[in-house]
Amino acid sequence: MSDQQDSKFMYNFSLVIFALVVIAIGAYFMASHIYTGYVESQREDDMVASRLQPVGEVNSSGAAVTVASNVAAPEGSGASAEPEITDPNERAYRRICFSCHEMGIGGAPKTGDATAWAGRPEKGIATLMQSVINGVNAPTGVMLPRGGLPDMTDEEIRSAITYMMLQLPEGAAAAAGVDG
Ligand code: HEC
């Protein structure tokens, strides 16, 4: 091989190497660009899919739809995992009165505690109702009018007191003058 041929070969060879390097770099950038776009579109697809999810699904099983009893229904949803209270007296009591009286919070005479209620049933249902309707401001504790729930009707207050009397030892309901 002549020197001239040598240098011609080297020139062509360098050109080929250069072209390969350019192609390799180009391929690298193109691949990384495509990959990034792919990852981004995947993330978007996931987000779109999650937003398009139906709120509920069609129940094609034919079985009646029931609220699972081990799942607490969201508050105010109308559905409740709690068993329905059938006693109207207890239902009235559960509206607000239980929040203090059940545990004896804030000086409230605890439901079912004969000592805390001593002397009260004897006042009679009419007086007890007046205490609740007007509220009580005793040194030991405060009860707001109607237990703090202005839309408690007199009838509901009577029912709630009846429930509370019936939790006391026998005789309290009769002393208060409510049905036992
Ligand atoms: C914020 C807490 C609270 C709530 C809610 C509450 N009470 Fe009371 N209640 C008290 C306290 C405190 C007393 C005791 C005051 C005292 O020492 O005489 C009391 C006393 C009573 C008495 C006895 C009154 C008397 O003359 O001796 C009755 C009956 C009563 N509550 C019924 C109810 C009913 C019915 C409700 C629901 C409508 C209710 N309470 C809601 C705190 C509460």
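Refer to the preceding data block for the structure.
Rules used throughout
Residues numbered from 1 in each chain as written. Predicted model: local features only at pLDDT ≥ 70, side-chain atom pairs only at ≥ 80, totals over all residues. Heavy atoms only, no water. Helix = DSSP H or I, 4+ residues; strand = E, 2+ residues; numbered from the N terminus. Buried < 20%, exposed > 50% of the residue type's maximum accessible area, 1.4 Å probe, protein only. Contact = heavy atoms within 4.5 Å. Core = buried A, V, L, I, M, F, W, Y, C linked by side-chain atoms within 4.5 Å. 1 Å grid on protein atoms, 1.4 Å probe; cavity = no way out; pocket = protein on both sides within 12 Å on 5 of 7 lines; lining within 4 Å. Points joined across faces, edges and corners; volume = space filled by probe spheres on them. Nonpolar A, V, L, I, M, F, W, Y, C, P; charged D, E, K, R; others polar. Donors = N, O, S within 2.8 Å, 3.2 Å for Na, K, Ca; no water. Tetrahedral: all angles 85-135°; square planar, octahedral: opposite > 155°, others 65-115°.

Trainee: Got a minute to help me understand the overall build of the chain in this structure?
Mentor: When helices and strands are tallied, the chain shows 7 helices and 2 strands. Listing each helix as α and each strand as β along the chain from the N terminus yields α-α-α-α-α-β-β-α-α. Counting over 180 residues, the chain shows a buried share of 17%. Sequence separation of 24 or more characterises 50% of the internal contacts of the chain that already satisfy a separation of 6 or more.

Trainee: In this structure, what is going on with the nonpolar core? I would like to understand it.
Mentor: One recurring pattern in soluble globular proteins: nonpolar side chains tend to sit buried together. Among the nonpolar cores identified, the biggest contains 21 residues, and Tyr93, Met129, Ile157, Ile161, Met165 and Val178 are the most heavily contacted of them. Mapped by element, the contributors of at least two residues to this core are α2 (88–95), α5 (125–134), α6 (154–166) and α7 (172–176). The greatest single-element share of this core, amounting to 6 residues, is contributed by α6. Leave out the neighbours within four places in its chain, and methionine 165 touches Trp117, Pro121, Leu128, Ala172, Ala173, Ala176 and Val178.

Trainee: Explain the layout of surface pockets here, please?
Mentor: If a probe the size of a water molecule is rolled over the atoms, the empty space left behind becomes visible. Roughly 600 Å³ of internal volume is contained in the largest pocket. Contributing to the lining of the largest pocket are 32 residues, with His101, Pro109, Val132, Val136 and Met143 lying nearest its centre. Counting only elements with at least two residues in the lining of the largest pocket, the list comes to α3 (98–101), α5, β1 (136–138), β2 (141–143) and α6. The biggest single contributor to the lining of the largest pocket is α6, with 5 residues. The residue inventory of the lining of the largest pocket, partitioned by class, reads 20 nonpolar, 9 polar and 3 charged.

Trainee: Sorry if this is basic, but what is going on with the side chain of threonine 111 here?
Mentor: Topologically, threonine 111 is positioned in the loop between α3 and α4 (114–117). Since its relative accessible area comes to 15%, threonine 111 is described here as buried. Not counting the four nearest positions on each side in its chain, threonine 111 is found in contact with Tyr93, His101, Glu102, Trp117, Tyr163, Met164 and Gln167.

Trainee: For this particular structure, what's the right way to read the coordination of the iron atom of the ligand?
Mentor: Each donor-metal-donor angle would ideally measure 109.5 degrees in four-coordinate tetrahedral geometry, or 90 or 180 degrees in six-coordinate octahedral geometry. Around the iron atom of the ligand, the protein supplies His101 (NE2) and Met143 (SD) as donor atoms, at distances of 2.0 to 2.1 Å. Angles of 83 to 179 degrees at the metal separate the 6 donor atoms of the iron atom of the ligand, which places the site in the octahedral class. Residue histidine 101 is located in helix α3, and its partner methionine 143 is located in strand β2; the two are separated by 42 residues in the primary sequence. Classification of histidine 101 as buried rests on a relative accessible area of 9%.

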